[in-house]
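Coordinates in review
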Amino acid sequence: EQNARFTETRNFAGKMVEVETEIVEGSKEAKARSKRVEMLAKGGLDAVLAELMEPKKLNVLDKTKADWRGVKDVDVELQEDLQHHQRGGRTYREHQDFLQQADYREYELERDARLAAQSKR
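You'll find the protein entered in an unreviewed UniProt entry as BCNT-C domain-containing protein, with Ostreococcus lucimarinus given as the organism.

Here we come to the overall build of the protein. Each helix and strand counted, the protein has five helices and two strands in total. The order of α-helices and β-strands along the protein, N terminus first, is β-β-α-α-α-α-α. Against the 2.2 N^0.38 benchmark of 14 Å for 121 residues, the protein shows a C-alpha radius of gyration of 27 Å, more extended than a compact globule. Its C-alpha atoms put the protein at 100 × 35 × 25 Å along the principal axes. When the 121 residues of the protein are sorted by exposure, 14% land in the buried category. In the protein, the proportion of contacts linking residues at least 24 apart, taken out of those at least 6 apart, comes to 26%. A distance of 4 Å separates the average location of the 23 positive side-chain charges in the protein from that of its 25 negative side-chain charges.

In terms of strand pairing, strand β1 (residues 3-12) meets strand β2 (residues 15-24) through 10 bridges, oriented antiparallel. Bridge assignment links asparagine 3 to a residue of β2, and that residue is valine 24. Counted between consecutive antiparallel strands, the loop separating β1 from β2 contains two residues, among which alanine 13 sits at a positive phi close to 55 degrees.

Turning next to the layout of surface pockets. Roughly 150 Å³ of internal volume is contained in the second largest pocket. Lining the second largest pocket, in full, are Val17, Glu18, Val19, Glu20, Lys63, Ala66, Asp67, Arg69, Gly70 and Asp73. Elements represented by at least two residues in the lining of the second largest pocket include exactly β2 and α3 (60-74). Tallying contributions element by element places α3 first for the lining of the second largest pocket, with six residues. Counted by class, the lining of the second largest pocket contains three nonpolar, one polar and six charged residues.

Another point: the environment of tyrosine 104. Of note, tyrosine 104 is situated in helix α5 (residues 92-120). As for tyrosine 104 and threonine 9, which are separated by 95 residues in sequence, their C-alpha atoms are 53 Å apart.

The next point concerns a nonpolar patch on the surface. Taken together, the side chains of Leu45, Val48, Leu49 and Leu52 make up a nonpolar region of the molecular surface, amounting to roughly 410 Å² of accessible area. Along the chain, leucine 49 turns up in helix α2 (residues 44-52).

One pass over the structure, following the stated rule, counts one aromatic pair. Ring geometry for tyrosine 104 against tyrosine 107: centres 6.2 Å apart, planes inclined by 35 degrees, an arrangement best described as tilted. A residue pair is termed a helical-turn pair when its members lie 3 or 4 positions apart in one helix, as tyrosine 104 and tyrosine 107 do in helix α5 at three residues. Look at tyrosine 104 and you get partly exposed, because its relative accessible area is 49%.

A word on helix α1 (residues 28-42). Residues that lie three or four places apart on an α-helix share one face, since the helix turns once every 3.6 residues. Helix length check: α1 (15 residues) gives 21 Å between terminal C-alpha atoms against 21 Å at 1.5 Å per residue, within 8%. At the C-terminal side of α1, glycine 43 shows a positive phi close to 85 degrees.

What counts and how
- Residues numbered from 1 in each chain as written.
- Predicted model: local features only at pLDDT ≥ 70, side-chain atom pairs only at ≥ 80, totals over all residues.
- Heavy atoms only, no water.
- Helix = DSSP H or I, 4+ residues; strand = E, 2+ residues; numbered from the N terminus.
- Rg over C-alpha atoms; globule rule 2.2 N^0.38 Å.
- Buried < 20%, exposed > 50% of the residue type's maximum accessible area, 1.4 Å probe, protein only.
- Contact = heavy atoms within 4.5 Å.
- Lys, Arg positive; Asp, Glu negative; His and termini not counted.
- Charge placed at Lys NZ, Arg CZ, Asp CG, Glu CD.
- Pairing = 2+ DSSP bridges.
- 1 Å grid on protein atoms, 1.4 Å probe; cavity = no way out; pocket = protein on both sides within 12 Å on 5 of 7 lines; lining within 4 Å.
- Points joined across faces, edges and corners; volume = space filled by probe spheres on them.
- Nonpolar A, V, L, I, M, F, W, Y, C, P; charged D, E, K, R; others polar.
- Patch = residues over 30% accessible without salt bridge, like charges linked within 9 Å, V, L, I, M, F, W, Y side chains within 5 Å.
- Areas by Shrake-Rupley, 256 points an atom, 1.4 Å probe, with all protein chains shown as cover.
- Salt bridge = Lys/Arg side-chain N within 4 Å of Asp/Glu carboxyl O.
- Phe/Tyr/Trp six-rings, centres within 6.5 Å; stacked < 30°, edge-to-face > 60°.
- Expected span 1.5 Å × (residues − 1).

Here it is in structure tokens:
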């Protein structure tokens, strides 16, 4: 499956915002977009109808997703960190749990050694 990226202008909170969208070729969204582009290219009544089919408003989730994609594209170091964690198979939380368990195990070993030393006295 190939993904197509395009930029469109949508209404968000009363302002027109340009959003880069990625859709899968052959999907419902791709067909609707190609139909709208076709209608605009034909001209005449089809172009008028395409202009009347106002693009839907941008909701908060889509805006957040677009902002996050923009942040990842700009910050190369962040993108590398995300890929590193993705390849590792562990989530951040799992990694923190592992470190905490290792610290606790080290504490137990030191405590047992101290108690053994005290009991020998």
